[in-house]
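Coordinate analysis (summary)
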Amino acid sequence: MKRIGILLMVAFLAVTAFAQSRGESLLKQADQAMTAQEYIKARYLYLQAFQAFQKEGNVQKAVPAAVNVAALYHRENYYKEAFDILNSAETALTAKEDETTGKLPALHYPLARERQKIYMKLRNAGKAAEQLGRMQSWASQAADSTLNVDLLAASAQQYYLFGQTDKGDEAVNRLIALYETRSDYDNAGRCYKDLIEMAGRTGNARLISRTYEKYVAWADSVATVKSDARVAALEQKLKQAQADIDDRDSSLTAKTAIIVGLCVLAAILAAVLVIGAIILLRYIALSRRQKKQIETARAHNELKTKFISNISAQLEPTLNTLPSDLPAVKALRGFTGHIQELSDLEATLSDIYPTESVEIAKFCQALGAEVESKLKPDVKLLVDAPKVSAPLSPEPLARVINHILENAAIYTPAGGKITLEAKKRGPHNIQFIITNSGEPIDPELVTTLFKPFADVRDLTQGDGLGLPICALLTTKMNGTLRIDESYTSGARFVIELHP
């Protein structure tokens, strides 16, 4: 009987180890699929990992997996499925707490956070507020600084979304102050950028303007702090260099005294002193050259220090001294803004824009109406789009299409034609095609059309960054922007999205 009991225990441990290895393997595969942006595959694998962890009673791993499943469900507007998986995880977590007679608030928090995100997307202010209250309770019980940071960010997003601007400002100010106490300027800057992006998605122009002003002021102050730190470091290096120079001067003085002493003994040791004098004179010359090099390096350090301390503040005050209505001033302001936007887009290319259900025909008709006033005489603008809905990112997509339509309006001659077509090629493939008649684009320019700074331009005639920015925006919508080189009766741009 004792031997049978041992065998049963070994079998039980083997089964447990298999379940654990299976759950970990599924989780690893899901993370890889998520990195590759294979969202449907990732959702399936996270669901399998959740079930494996749930079966073995490992709620520490099961809850995060369930949250990932729910996030991927409501990303595609499958809200019922998202709530079902969160409820299942909550039930498993509660059962584990009853079994161990202990609360796990840090695991309840992400479940409430995911529900809050869904209700915010559904614009349900009451339910979102209810979940925020639960998040505050769980974060307080968990006493985890990471949760407190996330809670402030979630609070700011919710308050701004539902028009509670004062509360949103308070949450953001607390969050920024928290990051600054840790000297975590990257996350503080990301907080402002996330807020600007959220305001853009909701069309809140006032919030965009106010937040951007705060961000610029904050960025300038941070640049000053960082510049001061660099100046302090350079001053420290300068002091060290000066100490080295003083040491070398002291050494040089001692060597000169030795030379004088040797000269006194010249009558006795003439031959030896001549040889010694030559060696010492060479050493003195080398020391002087080293001293001169150190002084030159110090002068360069001073110039570098002044440059670092002034460069971040030079451009804006200079522009402010010029009349704002001058074309050149407007061009420079626009150019600096485009450069900043290019940098921000390139830094966040892996962050795909969220989507929402959009009626394609209505969306395209509205874009066509916006550009009609800019058409030349007798130019026809035709819109051909199906009356179906699809998951799109309306704000960045509208910006890309509008830019291409405005370019088409410029280059289409009187009596010409512009068309905006939308074609749904499949459940995850949508094309928007903009065609205009007229002269085709120079083949030599086609290869550099979407590359920034490809040529030297008169900025008052445009900086050429519009299409490169459009290309990056399209990438963040999980799509591509290209020109149809086979079309020779004008120009044809193709936007292909895979929502």
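Residues numbered from 1 in each chain as written. Predicted model: local features only at pLDDT ≥ 70, side-chain atom pairs only at ≥ 80, totals over all residues. Heavy atoms only, no water.

**So, the packing of aromatic side chains**
One pass over the full model with this rule turns up 3 aromatic pairs. Plain terms: the ring middles of Tyr73 and Tyr78 are 6.4 Å apart, the flat faces sit at 65 degrees to each other, and that makes the pair edge-to-face. For Tyr78, a relative accessible area of 37% gives the class partly exposed. With a centroid separation of 6.4 Å and 85 degrees between ring planes, the pair formed by Phe450 and Phe493 is classed as edge-to-face. Linking Phe450 in the loop between α15 (443-446) and α16 (466-476) with Phe493 in strand β7 (residues 490-497), this pair joins segments that are 43 residues apart in sequence. Taking the ring centre of Tyr39 as reference, the NZ or CZ of Arg75 above it sits at 3.8 Å. (Phe/Tyr/Trp six-rings, centres within 6.5 Å; stacked < 30°, edge-to-face > 60°. Buried < 20%, exposed > 50% of the residue type's maximum accessible area, 1.4 Å probe, protein only. Helix = DSSP H or I, 4+ residues; strand = E, 2+ residues; numbered from the N terminus. Lys NZ or Arg CZ within 6 Å of the ring centre and 35° of its normal.)

**Details of the packing of helix α14 (residues 394-411) against α16**
Axis separation between α14 and α16 bottoms out at 10 Å; the angle between their running directions is 150 degrees. On the basis of their axis angle, the class for α14 and α16 is roughly antiparallel. Crossing geometry of α14 relative to α16 is assigned as left-handed. Listed contacts from α16 to Pro396, Arg399, Val400, His403 and Ile404 of α14 are Gly466, Leu467, Ile469, Cys470, Leu473 and Thr474. Looking at side-chain class alone, the contact of α14 with α16 contains 7 nonpolar, 3 polar and 1 charged residues. (Axes fitted to C-alpha atoms, helices over the stretch in contact; angles between N-to-C directions. Parallel < 35°, antiparallel > 145°, perpendicular 65-115°, else oblique. Left-handed = near helix turned anticlockwise from the far one by under 90°. Contact = heavy atoms within 4.5 Å. Nonpolar A, V, L, I, M, F, W, Y, C, P; charged D, E, K, R; others polar.)

**Quick look at a nonpolar patch on the surface**
A contiguous nonpolar surface patch, about 590 Å² in accessible area, is contributed by Val260, Val264, Leu265, Ile268, Leu269 and Val272. Positionally, Val264 belongs in helix α10 (residues 205-264). (Patch = residues over 30% accessible without salt bridge, like charges linked within 9 Å, V, L, I, M, F, W, Y side chains within 5 Å. Areas by Shrake-Rupley, 256 points an atom, 1.4 Å probe, with all protein chains shown as cover. Salt bridge = Lys/Arg side-chain N within 4 Å of Asp/Glu carboxyl O.)

**Things to note about the sheet that holds strand β5 (residues 429-437)**
Spatially, 5 strands are ordered β2-β4-β5-β7-β6 in an open sheet, and the strand pairing comes out mixed. Strands at the two margins of the open sheet, each flanked by one partner only, are β2 (380-384) and β6 (479-483). Neighbour-to-neighbour, the strand axes of the sheet open up by a mean angle of 10 degrees, direction not taken into account. Bridge count between β6 and β7: 5 bridges; the pairing is antiparallel. Considered in β7, the bridge of Gly479 is made with Leu497. Against the sheet, α14 makes contact with β2, β4 (417-426), β5, β6 and β7, and its axis sits at roughly 15 degrees relative to β5, the strand it touches most. (Pairing = 2+ DSSP bridges.)

**Notes on the side chain of Gln48**
In this structure, Gln48 sits in helix α2 (residues 39-56). Since its relative accessible area comes to 18%, Gln48 is described here as buried.

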